[in-house]
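# Structural characterization, general
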Amino acid sequence: MNAAAANHPAIELRGVFKSYYAGAGGSTQDVLRDISLEIAAGDFVAITGASGSGKSTLMNIIGCLDRPTSGSYRLDGVEITRADQETLAKLRREVFGFVFQQYHLVPGRTALENVALPAMYGGASPAERRERAGALLDRLGLADRHHHRPSELSGGQQQRVSIARALMNGGRIILADEPTGALDSKSGAEVLALLQKLWREGHTVLVVTHDREVARTAARVVELRDGVVIADVRTGDAPGAGPTAPPARTRGRALWSEVSEAWGAARQSLAVNPARTLLTLLGVVVGVAAIIALLAIGEGARRAVLEQLAVFGTNRLYVFPGAESARDAGGQLTESDAEIVRTVPNVTAAMPYLKGSVIVRYGNTDHRTTGVAITSDFPRILNWAVERGVFFTETDERSLATVALIGRKLEKLLFAPGEEALERFVLVNNVPFQIIGVLSEKGALTGDSDDDDTIVFPFPTGSQRIYGTRYLSWISVLIDDLGHADETVTAITAALTDKHRLKDFEVYNKAATVAAQTRTMDIMTSLLAFTAVISLVVGGIGIMNIMLMTVGERTREIGIRAATGARPRDILNQFLAEAIALSAIGGVIGVVLGVILAFGAQLSGMPIRMTPGAALTAFACAVSTGIFFGYAPARRAARLDPVAALARQ
């Protein structure tokens, strides 16, 4: 107690009323009426009266658990009637210590943890809390009960734990509400003796009781009837006979300490009911696993499609014979049309392409395959490299050379294992061709091995000696700048229309098709992700539901924490930390499960693409879900009235 406070009563009430609304009509009922009372530091006061006289309400107002409807309440000369919640929590933490009839110990915590609770909110370190709590329990005869939970303690032992908790931060003013009401006579006598001892050590002690035998142990008796003081009698020593009570040893809590304590309390609370915790986790686990697995599958499918499209290049245009409308006359394309296309700006190369079915014979093996007459621009226009051997040259084209290259599948069909195909001669529609190269395998990328069942030869040779026609199947066009693909299509159309005198052809923009397919895959991937997010939202709703149930089940615990000095934000942080812990644990399990599912899909033949970003995003979504859906229950817990919370059965 500081010097300024020494000139004032420790507790001073002037004209205090406390009213409650009663009935639907909005009428009020006065529980306390015009209470004026002074209590000096170091006094031992018993507040007595019949049930309903207002004793507990008066104690709740004195202990800053409740507020008067009107009147003045001064503590050490300072008006606190309209103090904010932070100030009231600080007073409960640093000045008062509560001892309740029903003990009000947190069920899932040990005796040591229950005693240490006020010091946690007072900013003491874990080591300091353990040391002080242990010393208090030892002092009160509970040295062998540090790690016992309330259900493992007798009523008298639980009440002594409650008293030790009241002393944890100093307990300058001890408020005991019917401290012997739930005890047998022997345990009750021990508790009263302990309260008298604390008084002689300098603590101010207020005992609320309806038992006159208990009241006689006090030095002063204040009697209430119907909310009014009807007697105030001193029966013992004057206040201040003993030494000054030890000051409260509290300090501000660092943010990290608040977070750490909230997280630790959350872990303990979740461990109390592991089955329910596990069931709550399932929604988040399924949601996160679905996000990761579906994104991996969706991105894998998208990449697979793009890779297949990229096998033959994306900056490609194709000119096909035929009109856009079935009513228009279909035209024909010739090698001269390809030469015209080569002159169009942004065109790197234009290759005549003549495709047909041919019979290839080697030895006693005949095989029908696809024959393609093209130019030496084939490798770069179609992005198809030579694996072994060489490609034919422009000289081969001009000389009508009978040379050819074959695909890998055709090689396997014609030649025995280990037999070299290069330099061998085959008959193509009974025309002998020498194999000068083997094309790289396309099917390994596209999944279509028929791409490799192919034989290619110079365009002049193929058009004259194999197919006997100068009309093309199409013209393959390589462009330089994809950004100007549309302008290039327009220029090619104009040039060929001018030559043909009509538009009897079509220009196919593969780049636009690739872009459209890419957009489609992106949309599909987004839809898959959205579906997974819905699962996560359902999991979040489950968290909210469980947290709301938890708040209802732990209402008394919330009141206990408030009585031991927890601020509203401490309670908010604890319950929010529990929601985040649920979602974070579910997120970790979901990430692992999602990765397993994704690789399981890969083993079944589906393409997947896992990225760390997807896992981090899914985990972040899970934590965000916990924050979003956990905030409302946490806020509800923080706004509970301490008196109503303590009264909840």
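Now for a quick tour of the structure. Keep in mind that this is a model prediction, so the values were computed, not measured.

Each helix and strand in the protein chain was counted, giving 22 helices and 20 strands. Expressed as a percentage of its 649 residues, the buried residues of the protein chain come to 52%. Considering only residue pairs separated by 6 or more positions, the protein chain has 77% of its internal contacts joining residues 24 or more positions apart. Carbon and sulfur atoms provide 56% of the accessible area of the protein chain, an area that totals close to 29100 Å².

A contiguous nonpolar surface patch, about 420 Å² in accessible area, is contributed by Val588, Val592, Leu593, Ile596 and Leu597. Examined against the element boundaries, Ile596 turns out to sit in helix 20 (residues 568-603).

Let's shift gears to the environment of Met521. Looking at the element boundaries, Met521 is found in helix 18 (residues 510-553). Residue Met521 is classed as buried on the basis of its relative accessible area of 16%. In sequence terms Met521 and Ala301 are 220 residues apart; their C-alpha atoms lie 7.8 Å from each other.

Before going further, it helps to spend a moment on the packing of helix 19 (residues 555-563) against helix 20. Direction vectors running N to C along helix 19 and helix 20 enclose 140 degrees, while the axes themselves pass 10 Å from each other. Overall, the two elements helix 19 and helix 20 adopt an arrangement that is oblique. Like other packed secondary-structure pairs, helix 19 and helix 20 cross with a definite hand, here right-handed. Mapping the contact onto sequence places Glu557, Ile558, Arg561 and Ala562 in helix 19 and Ile571, Gln574 and Phe575 in helix 20. Among the residues making up the contact of helix 19 with helix 20, the classes are represented as four nonpolar, one polar and two charged.

Here we take up the pairing of strand 16 (residues 425-428). The two faces of strand 16 differ: Val426 and Val428 on one face are buried, but Phe425 and Leu427 on the other face are not. Relative to strand 17 (residues 431-439), strand 16 is paired through four bridges, and the arrangement is antiparallel. Across the sheet, Leu427 pairs through a bridge with Pro432, a residue of strand 17. Here strand 16 folds back onto strand 17 in antiparallel fashion, the turn holding two residues, of which Asn429 has a positive phi close to 50 degrees.

Evaluation of the coordinates by the stated rule reveals 14 aromatic pairs. Summarising the aromatic geometry, the rings of Phe98 and Phe100 are spaced 5.7 Å apart at their centres and angled 0 degrees between planes, so their arrangement reads as stacked. Overall, the relative accessible area of 6% leaves Phe100 in the buried class. An angle of 45 degrees between the planes, with centres 4.3 Å apart, marks the rings of Tyr362 and Phe415 as tilted. Placement of the pair is Tyr362 in strand 12 (residues 347-362) and Phe415 in the loop between helix 14 (408-414) and strand 16, with a sequence separation of 53 residues.

According to the stated counting rule, one finds 27 salt bridges in the structure shown. A salt bridge links Glu411 to Arg408; its shortest N-O distance comes to 3.7 Å. Taken as a pair, Glu411 and Arg408 lie in helix 14 at a separation of three residues, close to a single helical turn. Residue Glu411 shares its accessibility class with Arg408, and that shared class is buried. If you follow the salt bridges from partner to partner, you end up with Glu387, Arg388, Arg408, Glu411 and Glu420 in one network.

On to the sheet that holds strand 3 (residues 44-48). The sheet built from six strands is open, its strands ordered 6-7-8-3-9-10 with mixed pairing. Because the sheet does not close on itself, it has two edges, and the strands there are strand 6 (96-99) and strand 10 (228-234). Taken pair by pair, the neighbouring strands of this sheet meet at an average axis angle of 15 degrees, ignoring direction. Across four bridges, strand 6 lies against strand 7 (residues 173-177) in parallel orientation. Paired with Phe96 across the strands is Ile173, a residue of strand 7. This element, helix 2 (residues 55-62), spans strand 3, strand 6, strand 7, strand 8 (204-208) and strand 9 (220-225) of the sheet and lies at about 155 degrees to strand 7. Sheet strands in contact with helix 7 (residues 185-200) are strand 3, strand 7 and strand 8, and its direction is about 150 degrees off that of strand 8.

Formed by 73 residues in total, the largest nonpolar core has its most connected members in Ile11, Tyr73 and Phe96. With 10 residues, helix 20 is the single largest residue contributor to this core. With near-sequence residues (within four places) excluded, Phe96 lies in contact with Ile62, Gly63, Cys64, Tyr73, Leu75, Leu91, Ile173 and Leu175.

Glancing now at the side chain of Glu12. Within the secondary structure layout, Glu12 lies in strand 1 (residues 11-22). The exposure class assigned to Glu12 is buried, which follows from its relative accessible area of 14%. At a separation of 3.4 Å, a polar atom in the side chain of Glu12 contacts the side chain of Arg14. Discounting residues that sit within four places of it in the chain, Glu12 has contacts with Leu37, Glu38, Ser72, Tyr73 and Arg74.

The subject of this paragraph is the packing of helix 5 (residues 126-139) against helix 6 (residues 155-167). The contact between helix 5 and helix 6 brings their axes to 9 Å, and the two run at 135 degrees. The angle between helix 5 and helix 6 falls in the class oblique. The two elements helix 5 and helix 6 meet at a crossing, and its hand is right-handed. Note on element contacts: helix 6 touches helix 5 through Val161, Ala164 and Leu167, opposite Leu136, Leu137 and Arg139. For the contact of helix 5 with helix 6, the class distribution of residues is five nonpolar, no polar and one charged.

Conventions adopted
Residues numbered from 1 in each chain as written. Predicted model: local features only at pLDDT ≥ 70, side-chain atom pairs only at ≥ 80, totals over all residues. Heavy atoms only, no water. Helix = DSSP H or I, 4+ residues; strand = E, 2+ residues; numbered from the N terminus. Buried < 20%, exposed > 50% of the residue type's maximum accessible area, 1.4 Å probe, protein only. Contact = heavy atoms within 4.5 Å. Areas by Shrake-Rupley, 256 points an atom, 1.4 Å probe, with all protein chains shown as cover. Patch = residues over 30% accessible without salt bridge, like charges linked within 9 Å, V, L, I, M, F, W, Y side chains within 5 Å. Salt bridge = Lys/Arg side-chain N within 4 Å of Asp/Glu carboxyl O. Axes fitted to C-alpha atoms, helices over the stretch in contact; angles between N-to-C directions. Parallel < 35°, antiparallel > 145°, perpendicular 65-115°, else oblique. Left-handed = near helix turned anticlockwise from the far one by under 90°. Nonpolar A, V, L, I, M, F, W, Y, C, P; charged D, E, K, R; others polar. Pairing = 2+ DSSP bridges. Phe/Tyr/Trp six-rings, centres within 6.5 Å; stacked < 30°, edge-to-face > 60°. Core = buried A, V, L, I, M, F, W, Y, C linked by side-chain atoms within 4.5 Å. Polar contact = N/O pair within 3.5 Å; in protein donor to acceptor, adjacent residues only side chain to side chain.

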